[in-house]
Amino acid sequence: MSEKQEIIKQMINMQKKFIEYEHQNGVTPEEYYTPQVGHELDGYKEQYDELARRLIDLAHDERGSSR
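Below or above, wherever it landed, is the structure these notes cover. Here the structure is a predicted model, which means the values were calculated and not measured. (Residues numbered from 1 in each chain as written. Predicted model: local features only at pLDDT ≥ 70, side-chain atom pairs only at ≥ 80, totals over all residues. Heavy atoms only, no water.)

1. A closer look at helix α3 (residues 44–63)
So, point 1. Look at α3: 29 Å from first C-alpha to last across 20 residues, which is about the 28 Å you get at 1.5 Å a residue.
So, point 2. All of the buried residues along α3 are Tyr-44, Tyr-48, Leu-51, Leu-55 and Leu-58. An end-on view of α3 places all buried positions within 85° of arc, on one side of the element. Turned more than 90 degrees from where α3 packs its buried face, Glu-50 and Asp-61 sit exposed.
So, point 3. Those residues of α3 that are buried are in contact with α1 (3–25) and α2 (29–33).
So, point 4. Gly-64, located one to two residues past α3, shows a positive phi value of around 75°. (Helix = DSSP H or I, 4+ residues; strand = E, 2+ residues; numbered from the N terminus. Expected span 1.5 Å × (residues − 1). Buried < 20%, exposed > 50% of the residue type's maximum accessible area, 1.4 Å probe, protein only. Arc of directions from axis to C-beta. Contact = heavy atoms within 4.5 Å.)

2. Topic: the layout of surface pockets
So, point 1. In this structure, the largest pocket occupies an estimated 160 Å³ of space.
So, point 2. Around the largest pocket, the lining residues are Met-14, Lys-17, Phe-18, Tyr-21, Glu-40, Leu-41, Asp-42, Gly-43, Tyr-44 and Gln-47.
So, point 3. Put simply, the parts of the chain that give the lining of the largest pocket at least two residues each are α1 and α3.
So, point 4. Considering each element in turn, the lining of the largest pocket owes the most residues, 4 residues, to α1. (1 Å grid on protein atoms, 1.4 Å probe; cavity = no way out; pocket = protein on both sides within 12 Å on 5 of 7 lines; lining within 4 Å. Points joined across faces, edges and corners; volume = space filled by probe spheres on them.)

Structure representation (structure tokens):
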């Protein structure tokens, strides 16, 4: 599996877990943007953003373009 496919798979899994958590518990802006250490969403936004940036970089490399 290519790195791009692996990242997409990982992002989809993260989205599924987030949606499941949200349906069960609800999510406040504070929980999403500044969750407490150890909270289920701790690091979620940063990790997802990092994966998205890497995916964008791979897409640019694939097309020979830049940001």
